[in-house]
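Inside the fold
Each chain is listed here by its residues.
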Amino acid sequence: MPTITFVDPHGIEHDVEGDVGQSLMTVAVNHDIPGIEGECGGEMACGTCHVYVADTAGCVPPPRTTDEAEMLEVLIDGVKPTSRLGCQIRVGPELDGLSVTVPSE
Amino acid sequence: MTATKDLSRPAHVPTELVIDFDWFNFGTKFDDLQLEWERLREKAPGGIFWTPRNGGHWVPLGGEDVATVLSDYTRFSAIDIYIPANVNRTAQLIPIEMDPPEQLDFRKIIIPFLASKNLQPVEDRARALTISLIEGFLARGECEFVSEFAAILPVAVFLDLMGLPQDDREMLRGFGEQITRSSDPEQRLNSQKALEGYLLGWMEQRRQDPGDDLLSAIVTADVNGREITETEALMLAMNVLLGGLDTVVNMLGFFALFLARNPGHRKQLIENPELVKPAVEELMRRHSIVANGRRVIQDTEMSGAQLRAGDMILGSTVLYGTDASITSDPFTVDFERESSKHIAFGKGNHVCPGQHLARRELKVFLEEWMKRIPDFSLQSTDQLQIAVGHVAGLTSLELRWPS
């Protein structure tokens, strides 16, 4: 199973395995990663799975859809180019080794 | 509310799962609504039952089952959230009676006005109003909390957001009460029509002269590259208004009721204001007030019961917050719990978009009230007036304090 690193708001790294096809949000919630709520269940409706995706060579998730970009813009204060909704990124073999950072608040 | 053999039931519902339960009338006198739901768990130890009342519907009692009903739209559609189901109405409410993906197209329109990052100015206005309301009755040493505070603060904040006149507050709140707590579909429909008429007038005005308010955003919205239709805009505005008119109002009542009865918790909030934020979550967990229906859209099983496509099922959010398998000692309010797990704002794709606003209003209430009226109690021990329905609430709450 691909391994994903979540850097939580306290700066602590959590290396966890995710099933192929699961969203990063689901992986984080299943492993109790602090700062990821996934309140709306992955419907882009709440913004509680916001993460920054590190620029890791070889681990590039597919780009944001228009819906995701719009929801980031309205929900999140200070959207960065690396901002993503964790619910919109599916774990696949190509993401093995991906590192994402959970923003504080 | 006893198990009975002679009530009509669909063929797929076994007799032993039938309880005669009218969710608009718990039948006995009670002063703790949440405990009444708990008693149902004792009556139906299997975790789910069917009642023939209000058109007939399922009532799951386990917290996780309730969360599933509210969030798994592949089996439980939000297309009908009222129990008993509506008749002859204009259209479904938008977006609360929609399923993904179209639901998101409409949710997007309102979210910018309710996103936490945009709410500080709204909170500041809510705080100013809170202070002026409290100071208006402080010296009297008593107030009727619902009409003099709870029914004013959130509704005023909301009318402001919508750009609607404050003078319409009482009329609109009356409509909201009928729509969320009337068990009579006819009466509900009349209030719905009256509210629609009111909104249509203002919508036309905003189309001519749009401002930066939420109602203007609704009537001028773009839905997936096309203009929003008149009916869609109306149903969206209705939904937003109902969310704002009748929810925080009632939650405030339960907050005040609990604190009036619990001097120890009041003392904690006064001595340690940092507990206000967790207290908001903990009080919402213990007093979740919303219950919404879903339409079963595929045959499925829940807690051993066979549900058929077409059945209605009721998701009562307080059953999650007070489920002992989710929260230990759930009826004890403890502001220092590690976490207060609740679904007071719902669960899944319909999770309340106004939750950040609601949290701020509840926080402001606790902060400003406790500073000014640290010591208060119920005026009398008369029976509490608790109304039940899609949003439960106190009809009135007489408080007094040393002045």
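Now for a description of the structure that goes with this document. Residue numbers run consecutively from 1 along every chain, following the written order of its sequence. Lettering of chains starts at A and numbering of ligands starts at 1, both following the order in which they are written. Local features are withheld for residues below a pLDDT of 70 in this predicted model, meaning they are given only at 70 or higher, and side-chain atom pairs are given and counted only at 80 or more; totals for whole chains, interfaces and linings count all residues. To obtain the side-chain values, all non-hydrogen atoms of the structure were used and water was disregarded.

1. Some thoughts on the overall build of chain B
How we decide: Think of it this way: any DSSP run of H or I at least four residues long counts as a helix, any run of E at least two long counts as a strand, and we number them from the N terminus. Between the two quantities, the radius of gyration covers C-alpha atoms and the globule rule is 2.2 Å times the number of residues to the power 0.38. Partly exposed describes any residue whose relative accessible area lies between the buried limit of under 20% and the exposed limit of over 50%, with all areas from a 1.4 Å probe on protein chains only and scaled to the type maximum. Contact between two residues is taken to exist if any of their heavy atoms lie within 4.5 Å; hydrogens are not considered. Computed with the Shrake-Rupley method and a 1.4 Å probe, the accessible areas treat only the protein chains shown as cover for residues.
Summing up its helical and strand segments, chain B has 15 helices and 14 strands in all. Against the globule reference of 22 Å for 403 residues, chain B gives a C-alpha radius of gyration of 21 Å, in line with a compact fold. Projected onto its principal axes, the C-alpha positions of chain B cover 60 × 55 × 35 Å. Counting all 403 residues of chain B, 59% fall into the buried class. Residue pairs in contact within chain B that sit at least 24 positions apart in sequence constitute 71% of those at least 6 positions apart. If you sum the accessible surface of chain B, you get close to 16,000 Å²; carbon and sulfur atoms cover 48% of it.

2. Observations regarding the interface of chain A and chain B
Put simply, the test is: Defined here as a combined quantity, buried area equals the accessible surface (1.4 Å probe) lost by two parts on assembly, summed across both. Salt bridges are identified by distance alone: a Lys or Arg side-chain nitrogen within 4 Å of an Asp or Glu carboxyl oxygen. In protein, a polar contact means a hydrogen-donor-capable atom and an acceptor-capable atom, both N or O and within 3.5 Å, with residues adjacent in sequence counting only if both atoms are side-chain atoms; elsewhere, any N or O pair within 3.5 Å suffices. Polarity classes work like this: nonpolar for Ala, Val, Leu, Ile, Met, Phe, Trp, Tyr, Cys and Pro, charged for Asp, Glu, Lys and Arg, and polar for all others, with Gly in that last group.
Facing the 15 residues of chain A at the interface are 14 residues of chain B. Across the chain A/chain B interface, buried area totals approximately 1,200 Å², and carbon plus sulfur atoms make up 56% of it. A per-residue breakdown of the area chain A buries against chain B is headed by Glu39, Glu43 and Val74 of chain A, which together make up 42% of the total. Counting every contact that joins chain A to chain B gives two salt bridges. Scanning the region where chain A abuts chain B turns up nine residue pairs in polar contact (both at pLDDT 80 or more). The residue makeup of the side of chain A that touches chain B, split by class, is eight nonpolar, one polar and six charged.

3. Examining the sheet that holds strand β11 (residues 377-378) of chain B
Residue and element names in this part refer to chain B. The test is simple: A pair of strands counts as paired when DSSP detects no fewer than two bridges linking them.
The sheet built from three strands is open, its strands ordered β4-β14-β11 with antiparallel pairing. The outermost strands of the open sheet, each flanked by one partner alone, are β4 (142-144) and β11. As paired strands, β11 and strand β14 (residues 398-400) are joined by two bridges and run antiparallel to one another. Among the inter-strand pairings, leucine 378 is bridged to a residue of β14, identified as leucine 399.

4. Description of the sheet that holds strand β4 (residues 83-85) of chain A
Residue and element names in this part refer to chain A. For clarity, the cut-off: Think of each axis as a best-fit line through the C-alpha atoms, taken over the contacting stretch in the case of a helix, with angles from 0 to 180 degrees between the N-to-C directions.
The strand order β2-β1-β5-β3-β4 describes an open sheet built from five strands, whose pairing is mixed. The open sheet terminates on both sides in strands that have one partner only, identified here as β2 (13-17) and β4. Between one strand axis and the next, the sheet turns by 35 degrees as a mean value, whatever way the strands run. With three bridges joining them, strand β1 (residues 3-7) and strand β5 (residues 99-101) adopt parallel strand pairing. Counterpart to phenylalanine 6 in the pairing with β5 is valine 100. Seen against the sheet, helix α2 (residues 66-75) touches β3 (50-53) and β4 and runs at an angle of roughly 110 degrees to β4.

5. Re the pairing of β2 of chain A
Residues and elements named next belong to chain A. The sheet contact formed by β1 and β2 spans five bridges and is antiparallel. Of the residues in β2, the one forming a bridge with phenylalanine 6 is histidine 14. Here β1 hands over to β2 after five residues, with glycine 11 in that stretch at a positive phi of 85 degrees.

6. Focus: the packing of aromatic side chains
What counts here: Centre distance within 6.5 Å is the pairing criterion for rings of Phe, Tyr and Trp, where only the six-membered ring of Trp is used; planes under 30 degrees apart are then read as stacked, over 60 as edge-to-face, and the remainder as tilted. Placement of a positive charge over a ring is assigned whenever Lys NZ or Arg CZ falls within 6 Å of the ring centre and within 35 degrees of the normal to the ring plane.
For the structure shown, the criterion picks out 14 aromatic pairs over all chains. For the pair phenylalanine 137 of chain B and tryptophan 369 of chain B, a centre-to-centre distance of 5.9 Å together with 55 degrees between the ring planes defines the contact as tilted. Of this pair, phenylalanine 137 of chain B sits in helix α4 (residues 120-137) while tryptophan 369 of chain B sits in helix α15 (residues 355-372); the two residues are 232 residues apart in sequence, bridging distant segments of the chain. Here the aromatic cluster, defined as three or more aromatic residues joined through ring pairs, consists of Phe137, Phe145, Phe149, Phe365, Trp369, Phe376 and Trp401 of chain B. In this structure, lysine 80 of chain A is placed above the aromatic ring of tyrosine 52 of chain A, and the distance from its NZ or CZ to the ring centre is 4.3 Å. Here the guanidinium or amino end of arginine 266 of chain B rests over the ring plane of phenylalanine 376 of chain B, the centre of that ring lying 5.2 Å away.

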